[in-house]
Every structure is written in structure tokens, then in C-alpha cells.
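Survey of secondary and tertiary structure
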Amino acid sequence: MLTHHQIQQYQKDGFLVVEDAIPPNLLDALQTDFAAWVEESRSHTAPFGKTINDKPRFDLAAGHSPETPCLRRVNAPVEVSDACHDAALRSPVTEIVTDLIGPDVKFHHSKINSKQPGSDTVVKWHQDFPFTPHSNDDVVTALMMIDTVTADNGALEVVPGSHKGPIHGLWHGGRFTGSIDEEEAITSQKKAVPCTGPAGSVCFMHTRLLHGSAANLTQTPRTLLIAVYSADDAIALSPNPMPNRFEGQLVSGKRSGKIRSMDFEVALPELPSNASFFEQQEKN
């Protein structure tokens, strides 16, 4: 699926945007399913539905109302949408991920993050690896653009090459923040580039890449189906933030029967004794 140059670009920068990675008929189905969920949300005033770990399936943003629905998140959509399931587990997306970390690749989790028009949702600068640590860093996040993504409607912003740098801590001043420290965030913002593209594009992102996103300042939505994959020999070291019945399913290759580890320097203290750490994982 990818050229040698594209693979080299991903290895160098830690991300790669591929246009037309989602077939038109599948993109139409994704848009139709999400539009139906938005309509359904009009009749709710609080998060609704239930996942296999008894968390709300559908999360609503502040300011949600029947007149201006603000469906912010769908947890584990692969369980309730054939289109999401096929996009995440049986589409060209998995073939591209295999080019990047294959040949043996398994599915980890999925979610939909949406910024409706005028949404003030901001994602602070962070790396995914501390939220979903594995025995090695052959972990890729595919951000599938259900809507056209522009620099103004809350696009993912990344720091090219930062996946080769340190893994930053999420604790500051003795408090779990779920983001890197403010000084590093300011530096990251100065180096940031937006990941934009027409609907049907996909951004493939290394688990250690520094990234964040700003508010949606437009009257057009920005909706992403996000799926996370790992090499089969990368073993998860913490509970899945989005448990689902397809976790660990192979999307290419075969079971390696091996565990490959790498040495990491992670600026994290011991895990807290309460649920705050894992609750923050689910919000990210």
C-alpha cells in the first residue's frame, strides 16, 4: 500500500497522512452512522449507552442540547457499527499499518472523537505511549477523517521527529495532569504542524509522537474514527482504556508467540492507588 518513500517519511517524522485511504462507500457508511448517533443524542441530556466495562458508550460535550447536539465521543464504536468495524479491522487502513509495523499486527482499541461546530474542546500536548504502554513501541494510531479536517476546525497538531525523543511524564507538582509540562508544551506548539486532509484521509501516528489539538473555530464538524494497533510481539502493560471484544484480534499475519521488549526511560512515579489514572486514559 505504501511506497518506500512514505515508509521512510513515517520513520523520520513519526506520522504520515494518506489521502483516500478509506474507500468512498465505507466513508459514506461511517458518515451515515455518526449522523444517526448525533440525531439520537438530541433526546439525551447526559452520556448514554453502555460499553462492556459499564462506561457510557456516547459522551456529550458541555453545551449539548436538542437544538445544538454536541456528541463528543463514541467509545468502542467497532462494537456497534459495521462500518466502524470494517474500517478499523478490514480495510486498507490495516494494510497500511502492516506496512509500518508488520507483518504481524493486532487491534487494540477504538473511539470516535468529534468536535462539533464551535466546540471549545482542546486536547493538551501529550504522547500516547504513557497512556497505553507496551513492551515495545511498535504501536500506531490511525486517525480516520470522517469529515474534512482543516487547520481551523481542530486538526491534530504534531511535532515531527519527537517520537525519537524522550517519553515525557504526565505528573507535575505531584499531580496527574495527563499532559506534558507547560514549558515543553510551549516549545511543542512552536514546532507544531497540522495534520489536515479531505474526508477519507488517514493520519498514521507513532505512539511516542508529541501531539495535541486546538478548539474548532469553524461551523464545520471535525470527526475522527481513531483505531490503535500494535505489533503482535508488543504486549500491553496496562489495562485497555477502551475495552472491547475485538482487543488482540489479528488484522494481519499470524501469532508470533514472542514478546519483544525495549528499554524506555519514562518520567512517571508509581501508579496511583485510585482510579484517576485510568479515568484520565479514557478521557484522552
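Residues numbered from 1 in each chain as written. Predicted model: local features only at pLDDT ≥ 70, side-chain atom pairs only at ≥ 80, totals over all residues. Heavy atoms only, no water.

Turning next to the confidence of the model for the protein chain. Here the protein chain averages 92 in pLDDT, and 93% of its residues register 70 or above. Contacts for the low-pLDDT stretch residues 267-278, under 50 throughout, to residues beyond four places or in other chains number 16 contacts. (pLDDT = per-residue confidence, 0-100. Contact = heavy atoms within 4.5 Å.)

A few words on the pattern of salt bridges. Using the criterion set out here, one finds nine salt bridges in the structure. A salt bridge links D232 to R255, with the nearest nitrogen and oxygen atoms 2.9 Å apart. A residue pair is termed long-range when its members are at least 10 positions apart, and D232 in the loop between strand 13 (222-231) and strand 14 (250-252) and R255 in the loop between strand 14 and helix 6 (276-283) qualify at 23 residues. Residue class for D232 comes out buried when judged on its relative accessible area of 7%. In the salt-bridge network here, residues are joined through shared partners; they are D138, D233 and R260. (Salt bridge = Lys/Arg side-chain N within 4 Å of Asp/Glu carboxyl O. Helix = DSSP H or I, 4+ residues; strand = E, 2+ residues; numbered from the N terminus. Buried < 20%, exposed > 50% of the residue type's maximum accessible area, 1.4 Å probe, protein only.)

As a further point, take the environment of M262. With respect to the element layout, M262 can be found in the loop between strand 14 and helix 6. Residue M262 is classed as partly exposed on the basis of its relative accessible area of 35%. Once the C-alpha coordinates of M262 and D137 are considered, the two residues, 125 residues apart in sequence, prove to be 7.8 Å apart. Ignoring any residue separated from it by four or fewer positions in sequence, one finds M262 in contact with S135, N136 and D137.

Let's shift gears to the pairing of strand 6 (residues 139-145). The element strand 6 is extensively covered by neighbouring structure, given that seven of its seven residues are classed as buried. On strand 6, burial covers both faces: V139, T141, L143 and M145 on one face and V140, A142 and M144 on the other are all buried. Of the pairings in the sheet, the one linking strand 6 to strand 13 comprises seven bridges and is antiparallel in character. The residue bridging T141 from the neighbouring strand is V228, located in strand 13. Pairing geometry for strand 6 and strand 11 (residues 202-206), over five bridges, is antiparallel. Of the residues in strand 11, the one forming a bridge with L143 is C203. (Pairing = 2+ DSSP bridges.)

For helix 2 (residues 24-41), with 18 residues, the first-to-last C-alpha span of 26 Å sits near the 26 Å given by 1.5 Å per residue. Among the residues of helix 2, those classed as buried are L26, L27, L30, F34, W37, V38 and S41. Viewed end-on, helix 2 has its buried residues packed into an arc of 115°, placing them on one side of the element. Of the exposed residues in helix 2, those oriented more than 90 degrees away from the buried face are P24, N25 and T32. Packed against the buried residues of helix 2 are strand 2 (58-60), strand 3 (71-75), helix 3 (82-89), strand 4 (105-115), strand 6 and strand 13. (Expected span 1.5 Å × (residues − 1). Arc of directions from axis to C-beta.)

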